[in-house]
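A look at the structure
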Amino acid sequence: MHDKPIRNDRTQIYCRTETKEEVRALKRGGETFDEVLRRMAEQCDPEAGRELEGSNDGV
């Protein structure tokens, strides 16, 4: 899971309660919010998203 305790090095991220609940729903097992947010960031590729916006991929 995580390499070091995150309590010593933390910050707050302000978002709507609905957004927090959506992120909470993506947590797996004993995963922390830090871990789920890092996983989401690793999967995020804004450039690829722009390419896909106008594409139907034959659908």
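Attention in this report is confined to the structure presented alongside it.

Cut-offs used in this document
- Residues numbered from 1 in each chain as written.
- Predicted model: local features only at pLDDT ≥ 70, side-chain atom pairs only at ≥ 80, totals over all residues.
- Heavy atoms only, no water.
- Helix = DSSP H or I, 4+ residues; strand = E, 2+ residues; numbered from the N terminus.
- Buried < 20%, exposed > 50% of the residue type's maximum accessible area, 1.4 Å probe, protein only.
- Phe/Tyr/Trp six-rings, centres within 6.5 Å; stacked < 30°, edge-to-face > 60°.
- Lys NZ or Arg CZ within 6 Å of the ring centre and 35° of its normal.
- Axes fitted to C-alpha atoms, helices over the stretch in contact; angles between N-to-C directions.
- Parallel < 35°, antiparallel > 145°, perpendicular 65-115°, else oblique.
- Contact = heavy atoms within 4.5 Å.
- Nonpolar A, V, L, I, M, F, W, Y, C, P; charged D, E, K, R; others polar.
- Patch = residues over 30% accessible without salt bridge, like charges linked within 9 Å, V, L, I, M, F, W, Y side chains within 5 Å.
- Areas by Shrake-Rupley, 256 points an atom, 1.4 Å probe, with all protein chains shown as cover.
- Salt bridge = Lys/Arg side-chain N within 4 Å of Asp/Glu carboxyl O.
- Arc of directions from axis to C-beta.

1. Details of the environment of Asp-34
Take Asp-34: it is sitting in helix α2 (residues 33-43). Using a relative accessible area of 26% as the deciding quantity, one classes Asp-34 as partly exposed. Each C-alpha atom of the pair Asp-34 and Arg-10 lies 9.3 Å from the other, and the pair is 24 residues apart in sequence.

2. Some thoughts on the packing of aromatic side chains
One pass over the full model with this rule turns up 0 aromatic pairs. The ring of Phe-33 has Lys-27 sitting right over it, with the charged end atom 4.3 Å from the ring centre.

3. Comments concerning the packing of helix α1 (residues 17-26) against α2
Running from N to C, α1 and α2 cross one another at 85°; their axes reach a closest spacing of 9 Å. In terms of their interaxial angle, α1 and α2 are classed as roughly perpendicular. Along its contact with α1, which presents Lys-20, Val-23, Arg-24 and Leu-26, the element α2 presents Phe-33, Val-36, Leu-37, Arg-39 and Met-40. The residue makeup of the contact of α1 with α2, split by class, is 6 nonpolar, no polar and 3 charged.

4. Observations regarding a nonpolar patch on the surface
Residues Ile-13, Leu-26, Leu-37 and Met-40 make up a contiguous nonpolar surface patch of roughly 350 Å² in combined accessible area. Locating Leu-37 in the fold gives a position in helix α2. Residue class for Leu-37 comes out partly exposed when judged on its relative accessible area of 35%.

5. Topic: α2
An α-helical turn contains 3.6 residues, so a residue and the one three or four places further along point in the same direction. Within α2, the full set of buried residues consists of Glu-35, Val-36 and Arg-39. Taken around the axis of α2, the buried residues stretch over an arc of 95°, which confines them to a single face. Among the exposed residues of α2, those oriented more than 90 degrees off its buried face are Arg-38 and Ala-41.

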